[in-house]
Structures are given as structure tokens and as C-alpha cells.
Amino acid sequence: MAMKIASVLLVTAGLLLVSAPASSQDLGPHFKTVKEGIITYVAKPDESNCTIILTSEGVVLIDSGHNPTDSQTILKAVKQLTPLPIRFLINTEPHADHTTGHYVFSPPTVIVAAAGATQSMKAAYNPRRIEQLRGESPEMRAAAEGYRMVTPQIEYNDKMTINLGERTFELMYLKNVHSESDTAIWLPKERIVFTAASIGVKRVNNLRPSVTIPDTLAAIRMMKALNPEVVIPGHGVYGGISLLDDNERYYTLLLERVRALVQQGRTLEQIQKELKMPEIETWAGKDRFNTNVDAAYRAVKG
Ligand SMILES: [Zn+2]
């Protein structure tokens, strides 16, 4: 009798071992569980994040990893987590560090992005980038096997909702915050917002000429108004609402100071030399600060 119970227990334990899904710790050092079934791959601070979201009807990915090796690592992790397919891949932006790895997933995964993503990817396409990557290491060469540019199959204007299993994904186009096609994603039940590259984590962003600080502040305030519990940026370690607060404070101060200097009659060149921002002394990426001063100057001058 005792033998019988013991063998039943063993069989049960064996079944549990087989059916228990992998936890993020089993997947490798870069995977962090944000909430149950939501796992973010946070690579190096300046590389792009990818988030795996499990649902009862399949997986949704937010971006596809920084480089092909990251994308292959993410695909392997998904296979460890679930036998279900990756149904959708939502792009927060069209730049190569968020989109090169699409070929690893699609087909069959359907890629969704804000309008303008395909055009942006095609315009910026540089065949030398993948060649350089292949030359980096044998691992990268192997990971890049089968590479081709895969553009989004679906582009939306302004807003879009995806319902999959028990989860809802609200996609919101963010105007003029980073690229031609930036998407914030809000999970209302989980209270998680994906900000795209509209904010940096203790890091100065490169503000291209199409980016405006008033639009960026509007995007930050819109996302703050959602009252998120978790804020996951395009790059850098995720956190709470303070990530949005930090960026709002920084851009507000920057605008105030540039406005004051313009009112004192300073030129852009003088402002670039004179302006001090001790508040961001510890931030990375300060070589991009002048692009932020330019954007603030454009905003003040109208
Ligand atoms: Zn980018």
C-alpha cells in the first residue's frame, strides 16, 4: 500500500515537473517577471527591451529584441514558457534596434505598428548593418541566418485595440516623440504601460528634428493619467510612474531655462554653451544633450 502511494506521488511529481511552465529565472539572466505571464528581456542599458506576454490564446511580443542573437534567445524562451504560438508582435518603433529580429518570428507572427512604420523601415534600411553584425561573432552569424527585412503586416492610425485571451492591448500612436511611428501600449487590467522611446531611464534621448518637446510632454502626461503601476520603456530597466515623472520634470525644466535665456536675447549657440542642468548630472547619453537644447529652442521660438 505504502509503495503504491509513493509511486502515485512520484508519478504526480513527474507530471508536475513536465507541465510546470518555466519561470523567468530558468530562462537566463536578462529575463525578469514583471507580473504573472509578463516577462521582459532587459539586455544592456542602451539596448532595446522585448516583453513576452502570455495569454490563454497565444503570445504577444512587444518588439523583437536588439540584435538577432537577442531575438533567437527570446524565441527559445517563449518555447520554454508555452507551446502556444506567438500571435502578434507589436512594434513600439520602426528603428533597426527594435525591428531587425522580425524575421525570427514572422511568418507566422503578425506584426502590428503605427502608420508610417513600413515607410520608415524601408527609408532607413542599411544592408551594411546586418553584414557588420554577421562579422561580430560566430553566434551572431548563426543567429542572423535567414535574415530578411520583415515590415509590419498591419499598420493602424491613432488607436487600436487587440484582445487576445484574457488580455487587452490598447495601442496609442505617439506623435513626434522619437521616430515616424511610435506606439505606446496600455494593458488596462495589468496596469502596465509601454512607453516606447518617448522617455529615457536616467538617460538623455537623441531628439531628432521631427521630435517636439511639447508633444513629448503631452505623451508623458497622457501615460501618467492612466495611472500605471509598471512603466516599461523602449530601452532601460522598467520601473514605476517615477520614470514618467523624471522625464516630465526634466523636459519642463529644460523648456523653462531655454525660454529664460531666449528672453535674455541669447542665440542658440550661446544657450548650448551656457545652459547648465545639474539635475541630470548622473544621466547617461549627455553627448546628445545638444539635440535636446535644439528641440527646446524650436519649442520656445515656435
Ligand atoms: Zn529608436
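Residues numbered from 1 in each chain as written. Predicted model: local features only at pLDDT ≥ 70, side-chain atom pairs only at ≥ 80, totals over all residues. Heavy atoms only, no water.

A. View of the pairing of strand β4 (residues 58–62). Counted residue by residue, β4 has five buried out of five residues, so it is predominantly covered. The sheet contact formed by strand β3 (residues 50–55) and β4 spans five bridges and is antiparallel. Note on β4: the bridge partner recorded for Leu54 is Val59. Here β3 hands over to β4 after two residues, the two strands then running antiparallel side by side. Pairing geometry for β4 and strand β5 (residues 86–90), over four bridges, is parallel. Residue Val60 lies in a different strand from β5, and its bridge partner there is Phe88. Traced from β4 through helix α3 (residues 68–81) to β5, the parallel crossover comes out right-handed. (Buried < 20%, exposed > 50% of the residue type's maximum accessible area, 1.4 Å probe, protein only. Helix = DSSP H or I, 4+ residues; strand = E, 2+ residues; numbered from the N terminus. Pairing = 2+ DSSP bridges. Right-handed = clockwise from strand over helix to strand, strands pointing away.)

B. Looking closely at the nonpolar core. By size, the foremost hydrophobic cluster in this structure holds 38 residues, and its most contacted members are Ile213, Tyr250, Leu254 and Leu275. In this structure Leu254 touches Ile213, Leu275, Met277, Phe289, Asn292 and Ala296, once residues within four positions along its chain are discounted. Counting 27 residues, the second largest nonpolar core, distinct from the first, contains Val59, Leu133, Ala144 and Tyr147. (Core = buried A, V, L, I, M, F, W, Y, C linked by side-chain atoms within 4.5 Å. Contact = heavy atoms within 4.5 Å.)

None of the figures reported here should be taken as evidence of function without further support.
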